[in-house]
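Here are the chains, one letter per residue:
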Amino acid sequence: MNQLVLFVSLTLCAIAQAVLPHWHTMAQAKAPVLLGGVMYYALTRRGGVALEAAIIAGFLQDVLDFIPLGYSVFAFALAAQLVNRYRTRVFGGSWVTHMLLGAMASVLTTLVLYSLLVATGVDIAISLGAAFRKALGVAFMGLFVISLVFWAIERLDYRLGNIRHREF
């Protein structure tokens, strides 16, 4: 049941990310809904599940944004493994933790993805300055969106019996 919830929740996150509008003044920044799903699994599950969530979410993002397959997977996996490694040292049930980790992970994944695209010679239409503006915009949206995604998936997990105690 856990794997089914993971797949369904990340698919719903991908749909939400696809339909939400871009923030034009911040270099077409999108709300990091998929990253929110990855952060949920990185904070609440062991490393293997967090990595699985990062791989699924990364492929979904690559397909939605027409990015070469695997680029977002690498960025999400890096963020998920960093968060998962230190998940026992932070209060994972706090919305403040979700907001701060979400903003930091948003900046990290945006800049890693930009670096990968530039390093491999993919023709991208934004400059380094625009990439930093985009990272700032994604981080700002990540403050709010990732907490909401975390709450929604946690609630779904509770309703389906995947977690025993109510944390919301």
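For every chain, the first residue of its written sequence is number 1, and the numbers climb from 1 along that sequence. Where local features are concerned, this predicted model is filtered to residues with pLDDT of at least 70; where side-chain atom pairs are given and counted, the filter is 80 or more; whole-chain, interface and lining totals use all residues. Based on all heavy atoms of the structure, the side-chain values leave hydrogens and waters out of the count.

Student: Just give me the short version of a nonpolar patch on the surface, but keep the residues and values in it.
Tutor: Patch building starts from residues that exceed 30% relative accessible area and form no salt bridge, then joins like charges within 9 Å and nonpolar side chains (Val, Leu, Ile, Met, Phe, Trp, Tyr) within 5 Å. Throughout, the Shrake-Rupley method with a 1.4 Å probe supplies accessible areas, and for residues the shown protein chains are the sole cover considered. Basic side-chain nitrogens of Lys or Arg form a salt bridge, by our definition, when they fall within 4 Å of a carboxyl oxygen of Asp or Glu. A grouping of L4, F7, V8, L12, I15, V19 and L20 is seen on the molecular surface, where their side chains present a nonpolar patch of about 660 Å² in accessible area. Only runs of H or I of at least four residues qualify as helices and only runs of E of at least two qualify as strands under DSSP, and these elements are numbered from the N terminus. If you trace the backbone, I15 turns up in helix α1 (residues 2–19).

Student: I'd like a rundown of the pattern of salt bridges, residues and numbers included.
Tutor: In total, this model carries 2 salt bridges according to the counting rule given. Salt-bridge contacts for K30 lead to D65; the nearest nitrogen and oxygen are separated by 2.6 Å. Here D65 lies in helix α3 (residues 47–65) and K30 lies in the loop between α1 and α2 (33–44), a separation of 35 residues in the sequence. Categorising residues by exposure relies on relative accessible area from a 1.4 Å probe, with only protein chains included: less than 20% of the type maximum marks a residue as buried, more than 50% marks it as exposed, and the intermediate range marks it as partly exposed. The exposure class of K30 is buried, given its relative accessible area of 17%. On the accessibility criterion, D65 (25% relative accessible area) is partly exposed. As a salt-bridge pair, D157 and R45 come within 2.6 Å of each other at their nearest N and O atoms. Pair noted here: D157 is in helix α6 (residues 128–159) and R45 is in the loop between α2 and α3, with a separation of 112 residues, a long-range link. Across this residue pair, the class does not change: D157 and R45 are buried.

Student: A description of the environment of L43 should follow, citing residues and the corresponding values.
Tutor: If you trace the backbone, L43 turns up in helix α2. You can call L43 buried: its relative accessible area is 8%. Separated by 81 residues in sequence, L43 and I124 place their C-alpha atoms 32 Å apart.

Student: Tell me what's going on with the nonpolar core, and back it up with residues and numbers.
Tutor: Judged by nonpolar contacts, the single largest core of 36 residues is most densely connected at V38, M39, Y41 and F76. Counting residues per element, the ones that place at least two in this core are α1, α2, α3, α4 (71–85), α5 (95–119) and α6. Take this core: its biggest share by element is 9 residues, from α2. Those residues in contact with V38 that lie beyond four places of it in its chain are L10, A53, A54, A57, F76 and A80. Think of a nonpolar core as a cluster: buried Ala, Val, Leu, Ile, Met, Phe, Trp, Tyr and Cys residues, connected wherever their side-chain atoms sit within 4.5 Å. Only heavy atoms enter the contact rule, under which two residues are in contact if any of them lie within 4.5 Å.

Student: Describe the packing of α1 against α3, listing the residues and the values that go with them.
Tutor: Each pair of packed helices gets described by two things: the angle between the helix axes and the distance between those axes. To get an axis, a line is fitted to the C-alpha atoms, and for a helix only the part in contact is used. The angle between two axes follows their N-to-C directions and goes from 0 to 180 degrees. Running from N to C, α1 and α3 point in directions that differ by 30°, and their axes come no closer than 10 Å. Relative to α3, the element α1 lies roughly parallel. When you trace α1 past α3, the crossing you get is right-handed. Here Q3, L6, F7, L10, T11, A14, Q17 and A18 of α1 lie close against α3, whose contacting residues are V49, E52, A53, I56, A57, L60, Q61 and L64. Under this scheme an angle from 65 to 115 degrees is roughly perpendicular, one under 35 degrees roughly parallel, and one over 145 degrees roughly antiparallel; angles in between are oblique. Left-handed describes a crossing whose near helix is turned anticlockwise from the far helix through less than a right angle; right-handed describes the clockwise counterpart.

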